[in-house]
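Structural overview for review
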Amino acid sequence: MSENNNVKTVARYVNLREVSESGDDVLVVGGGGREHAIVAKLRQSKRVGRIFGAPGNAGMDVTETGIGATDIDRIVENVAENPNIRLTVVAPDDPLSMGLVDKLTARGFRAFGPTKAAAKLEWSKSYAKDVMRRYGIPTAAYGAFTDIDDARAFVSGGKFPVVVKADGLALGKGVIIAQTKAEAFNALEEIMLDKKFGAAGNEVVVEEFLTGYEVSLLTFVDGKHFSLMPTSCDHKRALDGDKGLNTGGMGAYSPCPLFTKDLLDKTVKTIVEPTVNAMIKEGAPFKGVLYFGLMVSGDDIKVLEYNARFGDPETQSVLPLLDSDLYEIMNAVIDGKLDALDIKWKNKKSINVVLASGGYPLGYKKGCEISGLNDVSDDAKVYFAGVKRGDNGGFVTNGGRVLCVQAMADDFASARKTVYDNIVKIKFDDCFYRKDIGSKL
Ligand code: AMP
Ligand code: GLY
């Protein structure tokens, strides 16, 4: 369990001798379930000593620094004050888009994640679409607009449904599927005039509505070489049967059985290689995790979006399958030497289901006591997200997505049974979760 020392800087914990004997210190930026899964995998490396979180959370077995993930100047200062931190892993989109990796690298520190210029594939949808158009990477037909009248004219001349997207980062909420012209106009006004997503809405992308099924493909990229992770599948809607509001993700499984080897080979040829090479030509080689959000229909595969990072909650299903040393992989990515590694994955099926606070993704209570965690069996793993320590030392809820339960097995049915058998043991007020993650596998 983590120490309960919330608001202290990293500097206070560092005892040089102890650290040098026990391995390199690592700072992980972010504080959700994805970051917990990264930390859990880094812990398996013999080369890793202590792990700090900026901010981390009380359940993820790190020393919490009290520094927020977007407080990038303080993060850089803390790394500067602690020479034993040999790697900073930048997991969330915001600090990447703010150039945290550039700032750390400029000071001579090792950081895992893309530069601001490379992360633009995520933080500007119009840039991502433009790259895809210029390098012939398959994606939905689109127009990009800074003028609402131009956007309205484009919508009026097209088919419905149509997809309206704010250009910038909007916590996954900046995508509206409009069934009618009136809905599309309304979305344009909310994004461009009312600035519902702030500056993220200075530009919009209007695109063709695609049908099919979605697959997430995460890849390690070292600028030039890449290595695929097992495919995965997210569940973005809050309720069973893909009903309800869009969330950050309510559960995931890996690998995606529908996505055959032929489809994967085609994706590598038409999408992964061209994107990695495009970024070299753009003068912004991509280093880190490049996430391809794909829409698949028959053997037609198109890019819905790029993310410049690990996905949440995909990571909580994918990383437990990794059989190689994540610390070594991250260093190889930084050094451009991914081709020297033989990265191994378990041939197992993995599932995770998120337990959320009632009301999420809208308003929800915080501070509810979480019970039953000690009853979770050894073959299931809990990854913590929105939790903190309560007055009595146990965990209380502190966010919308509170935790997820993950398990893996030789077949999906067994993994799924382990997850759901354990979920019912965990209790907090107004807890809800989807009962259908992996039910069709
Ligand atoms: P994005 O952030 O661009 O991936 O969009 C979020 C979600 O909106 C995707 O995971 C899809 O479910 C949906 N979506 C985005 N673009 C399209 C599209 N062109 N056609 C159909 N659905 C889409
Ligand atoms: N699971 C989707 C994302 O991380 O953006």
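Residues numbered from 1 in each chain as written. Chains lettered and ligands numbered in written order. Predicted model: local features only at pLDDT ≥ 70, side-chain atom pairs only at ≥ 80, totals over all residues. Heavy atoms only, no water.

1. What about the site of ligand 1?
Lining the immediate environment of ligand 1, one finds 15 residues, of which K165, E207, L210, E214 and E305 sit closest. Contacts to ligand 1 include L210, whose backbone N or O atom sits 2.8 Å from a nitrogen atom. In this structure, an oxygen atom belonging to ligand 1 sits 3.1 Å away from a side-chain N or O atom of E305. Out of a free accessible area of 460 Å², ligand 1 has 90% covered by protein chains. At the level of elements, strand 7 (162–166), strand 8 (175–178), strand 9 (204–208) and strand 17 (300–307) are the ones that each hand at least two residues to the shell around ligand 1. Split by residue class, the shell around ligand 1 holds 8 nonpolar, no polar and 7 charged. (Near = heavy atom within 4 Å. Polar contact = N/O pair within 3.5 Å; in protein donor to acceptor, adjacent residues only side chain to side chain. Areas by Shrake-Rupley, 256 points an atom, 1.4 Å probe, with all protein chains shown as cover. Helix = DSSP H or I, 4+ residues; strand = E, 2+ residues; numbered from the N terminus. Nonpolar A, V, L, I, M, F, W, Y, C, P; charged D, E, K, R; others polar.)

2. Side note on the packing of aromatic side chains
For the structure shown, the criterion picks out 7 aromatic pairs. Ring centres of F145 and F154 lie 5.1 Å apart, and the angle between their planes is 55 degrees; this geometry places the pair in the tilted category. Over the ring of Y127 we find K120; its NZ or CZ atom is 4.9 Å from the centre of that ring. Note that R152 overlies the ring of F185, its terminal NZ or CZ placed 5.9 Å from the centroid. (Phe/Tyr/Trp six-rings, centres within 6.5 Å; stacked < 30°, edge-to-face > 60°. Lys NZ or Arg CZ within 6 Å of the ring centre and 35° of its normal.)

3. Some points on a nonpolar patch on the surface
A cluster of nonpolar side chains, contributed by V175, I177 and F209, occupies part of the molecular surface with about 220 Å² of accessible area. Among the structural elements, F209 can be located in the loop between strand 9 and strand 10 (213–222). (Patch = residues over 30% accessible without salt bridge, like charges linked within 9 Å, V, L, I, M, F, W, Y side chains within 5 Å. Salt bridge = Lys/Arg side-chain N within 4 Å of Asp/Glu carboxyl O.)

4. Here's the deal with the side chain of D312
Among the secondary structure elements, D312 is positioned in the loop between strand 17 and helix 11 (314–318). The buried category is assigned to D312, whose relative accessible area is 16%. A polar side-chain atom of D312 sits 3.4 Å from the main-chain amide nitrogen of R34. Within the structure, D312 has its side chain in polar contact with the side chain of Q316 (distance 2.9 Å). Setting aside its immediate chain neighbours within four residues, D312 contacts G33, R34, D234, G248 and R401. (Buried < 20%, exposed > 50% of the residue type's maximum accessible area, 1.4 Å probe, protein only. Contact = heavy atoms within 4.5 Å.)

5. Topic: the sheet that holds strand 10
Spatial ordering of the open sheet is given by 11-10-16-17, a layout of 4 strands whose pairing is antiparallel. The sheet is open, and its two borders are formed by strand 11 (226–228) and strand 17, each paired with just one other strand. The sheet shows a mean angle of 30 degrees between the axes of neighbouring strands, direction not considered. The sheet contact formed by strand 16 (residues 287–297) and strand 17 spans 7 bridges and is antiparallel. Bridged to Y291 within strand 17 is N307. Against the sheet, helix 12 (residues 326–335) engages strand 10 and strand 16, with an angle of about 70 degrees to strand 10. (Pairing = 2+ DSSP bridges. Axes fitted to C-alpha atoms, helices over the stretch in contact; angles between N-to-C directions.)

6. Details of the environment of V175
Mapped onto the secondary structure, V175 falls in strand 8. Residue V175 is classed as partly exposed on the basis of its relative accessible area of 31%. For the pair V175 and A413, spaced 238 residues apart in sequence, the C-alpha to C-alpha distance is 33 Å. In this structure V175 touches K125, V163, V164 and K165, once residues within four positions along its chain are discounted.

7. Focus: the environment of G288
Within the secondary structure, G288 sits in strand 16. In sequence terms G288 and R309 are 21 residues apart; their C-alpha atoms lie 6.9 Å from each other. Apart from residues lying up to four places away in sequence, G288 is in contact with F112, G113, T219, F220, V221 and V333.

8. What about the sheet that holds strand 1 (residues 24–30)?
Judged by pairing direction, the sheet is parallel, and its 5 strands sit side by side in the order 3-2-1-4-5 without closing on themselves. On the outer flanks of this sheet lie strand 3 (63–64) and strand 5 (111–112), each paired with one strand and no other. As paired strands, strand 4 (residues 85–90) and strand 5 are joined by 2 bridges and run parallel to one another. Looking across to strand 5, one finds that V89 is bridged to F112. Helix-sheet contacts for helix 2 (residues 33–43) involve strand 1, strand 2 (48–55) and strand 4, and the interaxial angle to strand 1 is about 170 degrees. Across the sheet, helix 12 lies against strand 1, strand 2, strand 4 and strand 5, angled at about 85 degrees from strand 4, the strand it touches most.

9. As for unusual backbone geometry
Residue P255 follows S254 across a cis peptide bond; omega there is -5 degrees. Residue placement: P255 occurs in the loop between strand 15 (251–254) and helix 10 (261–281). The omega torsion of the bond from Y360 to P361 falls at 10 degrees, within 30 degrees of zero and hence cis. Residue position: P361 is located in the loop between strand 18 (349–357) and strand 19 (380–384). The backbone phi angle of D61 is positive, close to 60 degrees, even though this residue is not glycine. At D242, a residue that is not glycine, the phi angle is positive and equals roughly 55 degrees. When you line up the elements, D242 lands in the loop between strand 13 (237–239) and strand 14 (243–246).

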